[in-house]
Amino acid sequence: MRVLVAMSGGVDSSVAAARAVDAGHEVVGVHLALSRMPGTLRTGSRGCCTIEDSRDAHRVAGMLDIPFYVWDFSERFKEDIVDDFIAEYAAGRTPNPCMRCNERIKFAALLDRALALGFDAIATGHYAEVLRDDEGRPELHRGEDLAKDQSYVLGVLTSDQLEHCYFPIGATVSKAEVRAEAAERGFSVANKPDSYDICFIPDGDTKAWLADKIPMRPGLIKDSEGEVLGEHDGAMTYTIGQRKGLGIEKPARDGKPRFVTGLDPATNTVTVGSRADLAVSHLTGIRTSWAGAAPSDMGSTPETGIDCEVQIRAHADPVAARAWLGEFVAEAPEHEVNPIVDEVEVPAARPAGQLMYVDVDEELSGVAPGQTMVVYRGTRVLGQATIDSTAKDRITPAPEFAGA
Ligand SMILES: Nc1ncnc2c1ncn2[C@@H]1O[C@H](COP(=O)(O)OP(=O)(O)OP(=O)(O)O)[C@@H](O)[C@H]1O
């Protein structure tokens with residue numbers, strides 16, 4: 001098949017490209033220039049699409065004797081990923097830009113262009129596997145190396161996209177093996193360090209990076225009963241689950257540590273509470289998508305849900321859960337004006353689409369709206385949704401009634 005390999009200049013996509021060539025495919029390499037903004041380009045060994053990265057990718061493509069291009073997606077990346085990241089924080093939510101990038105850039109804009117140019121698939125260096133069910137439909141599974149598994153950030157992919165995804169290193173048992181193979185092939189990137197979480201924040205300090213992009217508005221810090229405990233300089237500098245640096249003088253009534261339990265953009269209030277107040281058993285998600293058969297095709301009804309596991313961060317442990325299709329929001333604005341940061345348009349809190357309800361068997365702690373919940377069954381990704389709200393108690397019938 002004709003394969004377009006997305007080459008970051010890192011070791012994983014270099015080996016992915018080499019394996020695609022070895023497998024006999026007609027391979028073309030492309031490096032995406034994702035940022036032109038000063039201050040977002042790291043210098044040194046690893047950056048967000050630095051000149052060094054594109055040179056590394058180019059060099060590997062030369063060794064593999066495949067055509068190589070650099071495509072400028074920086075404008076799209078700024079609008080769809082960076083601006084969205086800022087707007088989500090401004091709305092008091094915690095976004096996952098890598099997931100958005102997979103959803104809107106790599107497996108959308110890039111894939112569309114690849115298909116339009118006659119390619120059959122795009123290949124990346126992600127640690128995940130596309131397997132086929134009995135009827136030949138694609139399924140997304142965790143990568144073999146669970147320490148490197150990237151199925152979580154690919155949870156946004158739909159069946160149509162999975163049809164055109166190729167992950168040549170997903171079945172490799174360990175990253176060490178990938179590095180050894182790169183060294184054997186003579187790739188200078190064999191020992192290049194792994195990439196950071198957010199490629200456009202050079203030093204990893206998200207709050208400092210956001211500080212000059214979102215106007216700070218002082219507001220109140222309250223406890224769960226509404227008693228005012230102090231003031232903050234800007235709700236955006238707080239994170240759900242945060243314990244240190246709350247800036248509250250008054251000791252808690254029970255003498256126990258306090259944690260941030262809520263951020264309310266409408267009133268610009270930070271709520272604090274006990275560790276127990278952080279525990280949740282129910283999650284409601286928006287922007288639901290399914291990587292293959294939806295629960296309704298899996299025997300689920302609105303009453304029964306499906307047994308699954310849910311994961312709420314890239315490297316969190318999955319917990320046993322049941323997922324339900326929630327109500328369908330038929331009409332909603334795409335954007336709304338943030339009440340705290342006037343004139344900043346933020347994505348609507350509840351856009352049109354299917355809600356996903358998830359009850360967990362074990363309580364989760366420190367869950368923030370905006371995070372993505374990915375629903376698995378064993379190694380297979382079933383789907384995902386963006387967490388919109390949480391609740392202390394489950395809303396669904398007891399597990400013994402949950403069918404699937
Ligand atoms: N700037 C880019 N241009 C082209 N492809 C990219 C770029 N950034 C990431 N990718 C693709 O997305 C995959 C996953 O990206 P991620 O940033 O997680 O890198 P990684 O896991 O460290 O992989 P690598 O070692 O290849 O950089 C990469 O393996 C590559 O195929």
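Data block above holds the structure.
All of these numbers come straight from a predicted model, not from anything done at the bench.

Colleague: Can you break down the pattern of salt bridges residue by residue, with the values?
Modeller: Counted under the stated rule, the structure contains 25 salt bridges. The shortest N-O distance in the salt bridge between D83 and K78 comes to 3.1 Å. With a shortest N-O distance of 3.6 Å, D84 and R104 are connected by a salt bridge. Separated by 20 residues along the polypeptide, D84 in helix α3 (residues 74–90) and R104 in helix α4 (residues 97–116) bring together distant segments of the chain. One network of salt bridges, in which partners are shared, links D12, K148, K175, R179 and D194.

Colleague: Kindly report on the packing of helix α1 (residues 11–22) against helix α6 (residues 175–184), identifying the contributing residues and their values.
Modeller: When two helices pack together, you describe them by how their axes are tilted relative to each other and by the distance separating the axes. Running from amino to carboxyl end, α1 crosses α6 at an angle of 65 degrees, the nearest separation of the two axes being 10 Å. With respect to their mutual orientation, α1 and α6 come out roughly perpendicular. Taken as a pair, α1 and α6 cross one another with a handedness that is left-handed. Here V11, D12, V15 and R19 of α1 come into contact with α6, specifically with K175, V178, R179, E181 and A182.

Colleague: Describe the site of the ligand, listing the residues and the values that go with them.
Modeller: In the region of the ligand, 17 residues are neighbours, and A6, S8, S13, L32 and S195 sit closest. One of the side-chain nitrogen or oxygen atoms of S8 is found 2.6 Å away from an oxygen atom of the ligand. At 3.0 Å, a backbone N or O of G125 approaches an oxygen atom of the ligand. About the coverage of the ligand: the protein hides 88% of its 580 Å² of free accessible area. Listed by contribution, the elements that provide at least two residues to the shell around the ligand are α1 and β2 (26–33). Its residues placed into classes, the shell around the ligand shows five nonpolar, nine polar and three charged.

Colleague: Tell me about the sheet that holds β2, residues and numbers included.
Modeller: Taken together, five strands build an open sheet; the order of strands is β3-β2-β1-β4-β7 and the sheet is parallel. At either margin of the open sheet sits one strand with a lone partner, and together these are β3 (68–72) and β7 (165–166). In terms of strand pairing, β2 meets β3 through five bridges, oriented parallel. Note on β3: the bridge partner recorded for A33 is D72. Those strands touched by α1 are β1 (2–6), β2 and β7, and its axis lies near 165 degrees from that of β1. Relative to β3, helix α2 (residues 51–64) is tilted by about 155 degrees, and along the sheet it contacts β2 and β3.

Colleague: Residues and numbers for the sheet that holds strand β9 (residues 228–232), please.
Modeller: What links the strands of a sheet is backbone hydrogen bonding, and the strands pair in either a parallel or an antiparallel sense. Read from one edge of the open sheet, four strands run β9-β8-β11-β10, paired in mixed fashion. Edge positions in the open sheet fall to β9 and β10 (259–264), since each of these has one partner strand only. Here the average twist between neighbouring strands, direction ignored, is 30 degrees. Of the strand pairs in this sheet, β10 and strand β11 (residues 269–273) are connected by five bridges, and their pairing is antiparallel. Residue pairing in the sheet places D264 in a bridge with T269 of β11.

Colleague: Let's hear about the packing of aromatic side chains: which residues, and what values?
Modeller: The tally for this structure, following the rule as stated, stands at seven aromatic pairs. Taken together, a centroid distance of 5.9 Å and an interplanar angle of 75 degrees make the contact between F77 and F200 edge-to-face. Residue F77 is found in helix α3, and its partner F200 is found in the loop between α6 and α7 (206–211); the two are separated by 123 residues along the sequence. We note that F77, like F200, is buried. Taken together through their ring pairs, the aromatic side chains of F77, F85, Y89, F200 and W209 make up a single cluster. Over the ring of F119 we find R2, and its NZ or CZ is 4.5 Å from the ring centre.

Reading guide: rules and limits
Residues numbered from 1 in each chain as written. Predicted model: local features only at pLDDT ≥ 70, side-chain atom pairs only at ≥ 80, totals over all residues. Heavy atoms only, no water. Salt bridge = Lys/Arg side-chain N within 4 Å of Asp/Glu carboxyl O. Helix = DSSP H or I, 4+ residues; strand = E, 2+ residues; numbered from the N terminus. Axes fitted to C-alpha atoms, helices over the stretch in contact; angles between N-to-C directions. Parallel < 35°, antiparallel > 145°, perpendicular 65-115°, else oblique. Left-handed = near helix turned anticlockwise from the far one by under 90°. Contact = heavy atoms within 4.5 Å. Near = heavy atom within 4 Å. Polar contact = N/O pair within 3.5 Å; in protein donor to acceptor, adjacent residues only side chain to side chain. Areas by Shrake-Rupley, 256 points an atom, 1.4 Å probe, with all protein chains shown as cover. Nonpolar A, V, L, I, M, F, W, Y, C, P; charged D, E, K, R; others polar. Pairing = 2+ DSSP bridges. Phe/Tyr/Trp six-rings, centres within 6.5 Å; stacked < 30°, edge-to-face > 60°. Buried < 20%, exposed > 50% of the residue type's maximum accessible area, 1.4 Å probe, protein only. Lys NZ or Arg CZ within 6 Å of the ring centre and 35° of its normal.

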